[in-house]
Amino acid sequence: MDRKKFVAFLCVLALVCALPGPGPVQTADAPAQVTVDGPPLVALTFDDGPRSSTTGPLLDGLELREVPATFFLVGSRIPGNEDLVRRMAADGHQIGIHTYDHVKLKGLSRRDFDLQVGRTRALITDLVGEGNYWLRPPYGLIDEKARSWCGGPIILWSVDPEDWKDDDVGRVVSAVVDHASDGDIILMHDLFPSSEQAALQVVDALLEKGFCFVTVEQLMEERGAAPEAGARCRSFPKK
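Described in the following lines is the structure provided in the data block.

About the thresholds
Residues numbered from 1 in each chain as written. Predicted model: local features only at pLDDT ≥ 70, side-chain atom pairs only at ≥ 80, totals over all residues. Heavy atoms only, no water. Helix = DSSP H or I, 4+ residues; strand = E, 2+ residues; numbered from the N terminus. Buried < 20%, exposed > 50% of the residue type's maximum accessible area, 1.4 Å probe, protein only. Contact = heavy atoms within 4.5 Å. Pairing = 2+ DSSP bridges. Disulfide = S-S within 2.5 Å.

## Section: the overall build of the chain
Argument step 1. Looking only at helices and strands, the chain features 8 helices and 7 strands.
Argument step 2. Counting the 239 residues in the chain, one finds 47% classified as buried.
Argument step 3. Within the chain, residue pairs in contact and separated by at least 24 positions form 78% of the contacts whose partners lie at least 6 positions apart.

## Quick look at the environment of His-98
Argument step 1. Checked against the element boundaries, His-98 lands in the loop between β3 (94–97) and α4 (110–128).
Argument step 2. Note on His-98: relative accessible area 2%, which makes it buried.
Argument step 3. Considered as a pair, His-98 and Leu-135 are 37 residues apart in the sequence and their alpha carbons are 6.2 Å apart.
Argument step 4. Setting aside residues up to four positions removed in sequence, His-98 forms contacts with Asp-47, Asp-48, Phe-72, Leu-73, Val-74, Arg-136, Pro-137 and Pro-138.

## Points about the pairing of strand β2 (residues 70–73)
Argument step 1. Judged by which residues are buried, β2 turns out to be covered on both faces: Thr-70 and Phe-72 on one side and Phe-71 and Leu-73 on the other are all buried.
Argument step 2. Of the pairings in the sheet, the one linking strand β1 (residues 41–47) to β2 comprises 3 bridges and is parallel in character. Among the inter-strand pairings, Thr-45 is bridged to a residue of β2, identified as Thr-70.
Argument step 3. As judged from the 4 bridges shared by β2 and β3, these two strands associate in the parallel manner. By the bridge assignment for β3, Leu-73 is matched with Ile-97.

## Let's talk about the state of the cysteines
Argument step 1. Enumeration according to the criterion identifies 0 disulfides in this entry.
Argument step 2. Lacking any disulfide linkage, Cys-150 is separated from the closest cysteine sulfur, that of Cys-233, by 9.7 Å.
Argument step 3. By relative accessible area, Cys-233 is classed as buried at 7%.

All we've got here are geometric facts, nothing functional implied.
The following block contains the structure:
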């Protein structure tokens, strides 16, 4: 077993050992407060894909390292890349929605919202089956009407290296590694070769620092956070 796989194995083992045992029954007036021991957790997320030239190599690299991620897909990019979406699900990655045409979710009618979000959800469901396909709004923008229609939590982020600004892999890696902390949701994009290269270097560097990677859904589960419809989610640090 190579070093990267060994570190990933230790992450899984640490997570299992850190799972809380049975505790007192919680009531509606006293919601559960979960304090989790163990390694720091981060969720690595990717917007704007899938794209064969970059998403494919990224999936290869994540598989080699046994690291899960969360992919927020643009619906119009799914046709022709169906195998990539199927692979995401088969490899244990979480899949979410980033609208059909990468539009701002502000001021839309219900019909237009459904064309952007519902249509993308239907495409994903047809490929990989029913699931919790949570929403990340493009640019992080969403109004109250759209929040009420989304049917699940709105996944934002707490670390943004702005990997779309340039092709400087080193800058992007430093912008994540120097600022990442427990419970962070990291925003990247699987559109550019430099972003794919930077993401894998980020994974290697954070694994070396003792971080473990989980999907957004796993992060919420580990931290005892309920996936409330319309709730904006940026990070889930230990309590």
